[in-house]
Amino acid sequence: MLVIYVLSALALAGPTVALVSRDGTGRLPAMGWNSWNEYGCDIKETDFIKVGQLLISLGLKDLGYEYVNIDDCWSDKQKRRDPSTKEILPDKTKFPQGISHTAQVIHSLGLKLGIYSDADLKYDNCNVPAQFNDQFQYSPEGLTTDAPTGYDWGTSNTAKRYNAMRDALLKQNRTIQYSLCAWGHAHVEQWGNQTGHSWRMWGDIMPAWEGKDQWSWGLMPIVNQASFLWNTTNFWGHNDWDMLEVGNGQLTIEENRSHFAMWCILKSPLIIGTRLDTIAQPVLEILSNKELIAFNQDPEYGASARPFKWGFNKDGTSDMLHPAEYWVGTSVKGLHLFMLNTQNKTVRMQARLSGIPALSDDHAEVEYLVHDMWTGKDLGRFSGEIALDVAKHDTAALRITTIDGTTESVF
């Protein structure tokens, strides 16, 4: 058996042990495309082959989008498993030559194939047998739990199920990126880093700015949760805030920009969930923003950006309509300031340099060069404060360096 992973101690704010692969798989957030948001159960092999080809022709593969992910409904739900091998059987109508053929075609394009399954006796995590339920419950939506103080969620049945799946994957002779989906339950952020490379932190996403529909949530409730749980992400392990809805529903261009920017700076996996064969050029340009992708995939700084000022609310306020608006992060390119306008109007957003964490102590007396990550152009020299008009539901994405464009003496 080829040993492809090791458990390694890392200096993380949250988890202290990570699942490390020798070839680097899982070190950075995954990038790719997933079928669920636009196709649901209406899938077939040719859909995925076409997506692979489009990732190449649209230039997305060159930007790092490499996974073509088959979501739910690929299996034969009547026959379920091969009686001899116990392997899950694919739906022969949708995948007449089997999943292995689909994988061969995707691999021939220089891409990787992902597939939906989960740590359960059947094939998905939506129907967990009663004997595998947790003794205590934790709800990320309300941050409520009935567990005693100090309870180790790594000993929960949820953790045990995912660890069993991890162990089975580790026995394979190839590297497999393992993305967990427990929807933030069982405090997965406390043990997920020892189990997989990313872990869902919240309920399912929907293409709306705010609100909730059954078990699906708009963007602002998710960002609100991230405002408090941003610090359990680093190299080898990432909070997953769900697939991208960029290009879906009735999201405006500004809302699409904010959605993409926030997922990039949170170091969430970037998994496209819109149709590529009919993608609009403005949407493609958002998904292709090289500077935001570079922040997400930074080789030296693995931590998420963090909020430092709430703006609309008092700092530390939990508000599913108006989460933290001012965020700061670091990359090899410099210090980054992100200002999210959660209001339903254009707002003059201001950040005092003296209030931005990580700037040098002499920031009040120094001019800095501020660069717009959306346009790729410098906005000019700023001192004292950075003030910009930000459109309704848009996000200003800025890079701060010294006047000559270097990071020296900035942080």
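Quick note: structure is the one above.
Bear in mind that the values here come from a model prediction, so they are computed numbers and not experimental data.

A short note on the overall build of the protein
Then, in step 1: Each helix and strand counted, the protein has 9 helices and 22 strands in total.
Then, in step 2: The C-alpha radius of gyration computed for the protein amounts to 22 Å, which stays within 12% of the reference 22 Å derived for 411 residues, consistent with globular compactness.
Then, in step 3: Overall, the protein is about 75 × 55 × 40 Å in size when its C-alpha atoms are taken along their principal axes.
Then, in step 4: The buried share among the 411 residues of the protein stands at 54%.
Then, in step 5: Contacts in the protein between residues at least 24 apart in sequence constitute 66% of all its contacts with a sequence separation of at least 6.

Section: the sheet that holds strand S12 (residues 216-217)
Then, in step 1: The strand order S10-S12-S11 describes an open sheet built from 3 strands, whose pairing is mixed. Sheet topology places strand S10 (204-205) and strand S11 (212-213) at the edges, where each strand pairs with a single neighbour.
Then, in step 2: Bridge analysis of S11 against S12 gives 2 bridges, and the strand direction is antiparallel. Each residue of the ladder has a partner; that of Asp-213, found in S12, is Ser-216.

Here we look at the side chain of Asn-248
Then, in step 1: Within the fold, Asn-248 resides in the loop between strand S13 (238-240) and helix H7 (253-265).
Then, in step 2: Relative accessible area serves as the criterion here: at 3%, Asn-248 is assigned to the buried category.
Then, in step 3: Among the polar contacts listed, one links the side chain of Asn-248 to the side chain of Glu-245, at a separation of 2.7 Å.
Then, in step 4: At a separation of 3.0 Å, a polar atom in the side chain of Asn-248 contacts the main-chain carbonyl oxygen of Gly-273.

Brief notes about the sheet that holds strand S9 (residues 198-200)
Then, in step 1: With parallel pairing, the 3 strands of this open sheet are ordered in space as S8-S9-S13. Strands with a single pairing partner mark the edges of an open sheet, and in this sheet they are strand S8 (179-180) and S13.
Then, in step 2: Where S8 and S9 come together, 2 bridges link them in parallel fashion. Bridge assignment links Leu-180 to a residue of S9, and that residue is Trp-199.

Re unusual backbone geometry
With the exception of glycine, most residues fall at negative phi, and the peptide bonds are largely trans.
Then, in step 1: If you check the backbone angles, His-187 has positive phi at about 45° while not being a glycine.
Then, in step 2: Among the structural elements, His-187 can be located in the loop between S8 and S9.
Then, in step 3: On the basis of relative accessibility, which here comes to 15%, the residue His-187 falls in the buried class.
Then, in step 4: Residues other than glycine seldom take positive phi values, yet Lys-267 does so here, at roughly 60°.
Then, in step 5: Looking at the secondary structure, you find Lys-267 in the loop between H7 and strand S14 (270-272).

Details of the packing of helix H6 (residues 219-226) against H7
Then, in step 1: Running from amino to carboxyl end, H6 crosses H7 at an angle of 25°, the nearest separation of the two axes being 11 Å. Our classification of the angle between H6 and H7 gives roughly parallel. Between H6 and H7 lies a crossing of left-handed hand. Residues Leu-219, Ile-222 and Val-223 of H6 touch H7, and the partners they reach there are Glu-255, His-259, Met-262 and Trp-263.
Then, in step 2: Within the contact of H6 with H7, the residues separate by chemical class into 5 nonpolar, 1 polar and 1 charged.

Definitions and limits used
Residues numbered from 1 in each chain as written. Predicted model: local features only at pLDDT ≥ 70, side-chain atom pairs only at ≥ 80, totals over all residues. Heavy atoms only, no water. Helix = DSSP H or I, 4+ residues; strand = E, 2+ residues; numbered from the N terminus. Rg over C-alpha atoms; globule rule 2.2 N^0.38 Å. Buried < 20%, exposed > 50% of the residue type's maximum accessible area, 1.4 Å probe, protein only. Contact = heavy atoms within 4.5 Å. Pairing = 2+ DSSP bridges. Polar contact = N/O pair within 3.5 Å; in protein donor to acceptor, adjacent residues only side chain to side chain. Axes fitted to C-alpha atoms, helices over the stretch in contact; angles between N-to-C directions. Parallel < 35°, antiparallel > 145°, perpendicular 65-115°, else oblique. Left-handed = near helix turned anticlockwise from the far one by under 90°. Nonpolar A, V, L, I, M, F, W, Y, C, P; charged D, E, K, R; others polar.

Function cannot be read off these values alone, since they describe shape.
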